[in-house]
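# Residue-level structural notes
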Amino acid sequence: MKAKRQEVIWGIGSFICLDLLYLLCRYVLFDLHRMKQWPDLLAAAGIIVLAAALIKHCKALILCTNAGYIAGFLAGICFRSYGTDAGGGRTSNAWMIWTLVYAGFMVLGLLIDLVRKRHQ
């Protein structure tokens, strides 16, 4: 019974953590990136991964998904570069960096969980 309660707390906490990170990046730090839809899509992907990780009891994947959201955001802001599109508008590659770092963290978490489960 205690283990079940711990799983529920772990699950609720992981979703709350991703939600807080989303709110921070999407609204509080909006002036740094000016992206409206991309943070939403990344958070939605994170919710799907968190749900699957909770079902499969993959704690490393849960931690890496939450850490990857903010790490990807910070990497995107730090390492972005600007360009100009064909119409003369300003472009940025921050969204690509954010996505790749986020996906990399998720893959890392999945690999850690696979190795742990294989050695148990």
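A brief look at the structure comes next.

## Topic: the side chain of Asn66
With respect to the helices and strands, Asn66 occurs in helix H4 (residues 59-79). A distance of 3.4 Å separates a polar atom in the side chain of Asn66 from the backbone oxygen of Ser14. Beyond its immediate sequence surroundings of up to four residues, Asn66 is in contact with Ser14, Cys17, Leu18, Leu21 and Leu50.

## What about the environment of Ser92?
Residue position: Ser92 is located in strand E2 (residues 90-92). Among the residues examined, Ser92 registers a relative accessible area of 27% and is labelled partly exposed. In this structure, the C-alpha to C-alpha distance between Ser92 and Gly76, residues 16 residues apart in sequence, is 9.5 Å. For Ser92, the contacting residues outside a window of four places in its chain are Arg80, Ser81 and Tyr82.

## What to know about the packing of aromatic side chains
The geometry of two aromatic rings is summed up by the distance between their centres and the angle between their planes. Using the criterion set out here, one finds five aromatic pairs in the structure. Here Arg90 stacks its cationic end above the ring of Tyr82, 3.8 Å away from the centre of that ring.

## Quick word on the pattern of salt bridges
As a working rule, side chains carrying opposite charge can pair if their charged atoms are close by. Following the criterion strictly, the structure yields two salt bridges and no others. Among the ionic pairs, Arg26 bridges to Asp40, the shortest N-O distance being 3.6 Å. With Arg26 in helix H1 (residues 2-28) and Asp40 in helix H3 (residues 38-56), this pair connects stretches of sequence that are 14 residues apart. Residues Asp31 and Arg34 are paired through a salt bridge, measuring 3.4 Å at the closest nitrogen-oxygen approach. The exposure class of Asp31 is exposed, given its relative accessible area of 59%.

Criteria and thresholds
- Per chain, residue numbering runs from 1 following the sequence as it is written.
- pLDDT decides what is reported in this predicted model: residues at 70 or higher carry local features, side-chain atom pairs at 80 or more are listed and counted, and totals for whole chains, interfaces and linings draw on all residues regardless.
- The side-chain values count all of the structure's non-hydrogen atoms but skip hydrogen atoms and water molecules.
- Strands are runs of DSSP state E lasting at least two residues, helices are runs of H or I lasting at least four, and both sets are numbered from the N terminus onward.
- Definition of a polar contact: a pair of N or O atoms within 3.5 Å, with one able to donate and the other able to accept a hydrogen when the atoms are protein atoms, and with sequence-neighbouring residues admitted only if both atoms are side-chain atoms.
- Contacts are assigned to residue pairs with any non-hydrogen atoms lying within 4.5 Å of each other.
- We call a residue buried when its accessible area falls under 20% of the maximum for its residue type, exposed when it is over 50%, and partly exposed in between, using a 1.4 Å probe and counting protein chains only.
- Two rings belonging to Phe, Tyr or Trp (six-membered ring only in the last case) form a pair when the distance between their centres is within 6.5 Å. Interplanar angles under 30 degrees mark stacking, angles over 60 mark edge-to-face geometry, and anything in between is tilted.
- The criterion is that NZ of a Lys, or CZ of an Arg, lies within 6 Å of the ring centre and within 35 degrees of the ring normal, and then a charge sits over that ring.
- For this document, the term salt bridge refers to a Lys or Arg side-chain nitrogen within 4 Å of an Asp or Glu carboxyl oxygen.

Function cannot be inferred from these measures alone, as they are strictly geometric.
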